[in-house]
Amino acid sequence: MASDTADSRLSTIRDRIARAATIARRDPADVTLIAISKTHGADAIRPLIDAGQRIFGENRVQEAAGKWPALREANPGIELHLVGQLQSNKADEAVALFDAIHSVDRPSLVTALARAMDKADRRPPCFVQVNIGDEPQKGGCAVAGLPVLLAEARSAALPVAGLMAVPPLGVDAAPYFALLAKLARDHDVSGLSIGMSDDFETAVTLGATHVRVGTALFGERE
Ligand SMILES: *Cc1c(COP(=O)(O)O)cnc(C)c1O
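The protein chain is annotated in an unreviewed UniProt entry as Pyridoxal phosphate homeostasis protein from Sphingomonas koreensis. According to UniProt, the comment filed for the protein chain under the heading Sequence similarities (unreviewed entry) is "Belongs to the pyridoxal phosphate-binding protein YggS/PROSC family."

In structure tokens form, the structure reads like this:
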């Protein structure tokens, strides 16, 4: 994407978030836009940073470790979120690199993250990822398993900031967003990481506190 369009893409997304929030009688400032920069190189990311975006998301530890240290060095105030599946053996690296982790989805990862946070004395906020459509191949804990996993995360002193989900493709996401919002209320969790390029306005009207937008900001991925 040409750098002269980064400004306009970003302001368009911000306007759409603000409009959806206003319709839902929410404060637009309560919605955090995470720019999902996976697969995109520094040349595509820099124009968005220059346009004022500071919060970015990646789905792979290795990819983020390769491109973000230099970008951060050059641009103070960057916040980096992990939105992809995390292997337990990368917990140390993830805790060192990321400022939030959206993919806590199983007890072994809770244990690994708790240990990594103790070791590093650094506690990035965590979202428990729910497989909201109960899809066989998808990341996230089963809806039925959420109470136990949340209890484990809390007793391990993980800073639980919210719930995260990626609803099934190709169907209306609204019922899934509404279900995740209900689960969050039922379990006294305040954050809701829902909404991507095709459905972030719906997510905002249903309570999203974090929307994860890639394609609408960067263009199509290879
Ligand atoms: C890639 C990705 C996104 C962004 O998706 P777009 O449709 O490109 O906006 C959001 N969340 C997660 C978990 C992703 O992997």
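S.K.: Give a detailed account of the site of the ligand, specifying residues and quantitative values.
M.R.: All residues in the neighbourhood of the ligand are listed as I36, K38, V83, M164, V166, M196, S197, R212, V213, G214, T215 and R221. Within the contact set of the ligand, an oxygen atom lies 2.6 Å away from a side-chain nitrogen or oxygen of T215. Here the ligand, which alone exposes 390 Å², has 88% of that area covered by the protein. Class assignment of the residues belonging to the shell around the ligand gives a composition of six nonpolar, three polar and three charged.

S.K.: Could you give me a rundown of the pairing of strand β5 (residues 126–131), with the residues and numbers involved?
M.R.: Burial runs high along β5: six of the six residues are buried. The two faces of β5 match: C126, V128 and V130 on one face and F127, Q129 and N131 on the other face are all buried. Pairing geometry for strand β4 (residues 100–104) and β5, over two bridges, is parallel. Each residue of the ladder has a partner; that of V104, found in β5, is V128.

S.K.: Outline the nonpolar core, listing residues and values.
M.R.: Judged by nonpolar contacts, the single largest core of 66 residues is most densely connected at F56, I101 and L113. A total of seven residues in this core trace back to one element, the largest contributor, which is helix α5 (residues 107–120). Each residue touching L113, except ones within four places of it in the same chain, is listed here: L86, A91, V95, I101, V104 and L158.

S.K.: Just give me the short version of the packing of aromatic side chains, but keep the residues and values in it.
M.R.: Under the defined criterion, the tally for this structure stands at one aromatic pair. Between F56 and W68, the aromatic rings sit 4.9 Å apart at their centres with planes inclined by 45°, giving tilted as the arrangement. Linking F56 in strand β2 (residues 55–58) with W68 in helix α3 (residues 61–74), this pair joins segments that are 12 residues apart in sequence. Since its relative accessible area comes to 0%, W68 is described here as buried.

S.K.: Provide a residue-level description of α5, including the pertinent values.
M.R.: End to end, α5 covers 20 Å across 14 residues, agreeing with the expected 20 Å (1.5 Å per residue, within 8%). Taken as a whole, α5 has its buried residues at L109, V110, A112, L113, A114, A116 and M117. Where α5 is buried, its residues touch α4 (91–97), β4, β5 and α6 (146–155). D121, located one to two residues past α5, shows a positive phi value of around 50°.

S.K.: Any details on the side chain of Q129? Residues and values, ideally.
M.R.: The topology assignment puts Q129 in strand β5. Here Q129 is in contact with H102, S103, V104, D105, G139, G140, C141, M164 and V166, once residues within four sequence places are set aside.

S.K.: Just give me the short version of the packing of helix α2 (residues 42–50) against α3, but keep the residues and values in it.
M.R.: Put simply, α2 and α3 touch, their axes get as near as 11 Å, and they point 40° apart. As for how α2 packs across α3, the hand of that crossing is right-handed. Counted together, A42, I45, R46 and I49 of α2 and K67, W68 and L71 of α3 form the full contact between these two elements. Considering only residue class, the contact of α2 with α3 consists of five nonpolar, no polar and two charged.

S.K.: Can you lay out unusual backbone geometry for me, pointing to particular residues and giving the numbers?
M.R.: Even without glycine at this site, R25 takes up a positive phi of about 55°. Inspection of the secondary structure puts R25 in the loop between α1 (6–23) and β1 (32–36). Here R25 falls in the exposed class, since its relative accessible area comes to 74%. Unlike most non-glycine residues, T39 shows phi in positive territory, near 70°. Topologically, T39 is positioned in the loop between β1 and α2.

S.K.: Can you explain the pattern of salt bridges? Please cite residues and give values.
M.R.: Going through the model one piece at a time under the given rule, you end up with 11 salt bridges. Here D118 makes a salt bridge to R123, at a shortest N to O gap of 3.2 Å. You can call D118 exposed: its relative accessible area is 53%. Residue K182 pairs with D186 through a salt bridge whose shortest N-O separation is 2.7 Å. Highlighted residues: K182 and D186, both in helix α7 (residues 174–186), separated by four residues, approximately one helical turn. Judged by relative accessible area, K182 falls into the partly exposed class, the value being 42%. By relative accessible area, D186 is classed as partly exposed at 48%. Connected through salt bridges with shared partners, the residues E58, E63 and K67 form a single ionic network.

Thresholds applied
- Residues numbered from 1 in each chain as written.
- Predicted model: local features only at pLDDT ≥ 70, side-chain atom pairs only at ≥ 80, totals over all residues.
- Heavy atoms only, no water.
- UniProt positions renumbered as here; feature names shortened; annotations may be inferred.
- Near = heavy atom within 4 Å.
- Polar contact = N/O pair within 3.5 Å; in protein donor to acceptor, adjacent residues only side chain to side chain.
- Areas by Shrake-Rupley, 256 points an atom, 1.4 Å probe, with all protein chains shown as cover.
- Nonpolar A, V, L, I, M, F, W, Y, C, P; charged D, E, K, R; others polar.
- Buried < 20%, exposed > 50% of the residue type's maximum accessible area, 1.4 Å probe, protein only.
- Helix = DSSP H or I, 4+ residues; strand = E, 2+ residues; numbered from the N terminus.
- Pairing = 2+ DSSP bridges.
- Core = buried A, V, L, I, M, F, W, Y, C linked by side-chain atoms within 4.5 Å.
- Contact = heavy atoms within 4.5 Å.
- Phe/Tyr/Trp six-rings, centres within 6.5 Å; stacked < 30°, edge-to-face > 60°.
- Expected span 1.5 Å × (residues − 1).
- Axes fitted to C-alpha atoms, helices over the stretch in contact; angles between N-to-C directions.
- Left-handed = near helix turned anticlockwise from the far one by under 90°.
- Salt bridge = Lys/Arg side-chain N within 4 Å of Asp/Glu carboxyl O.

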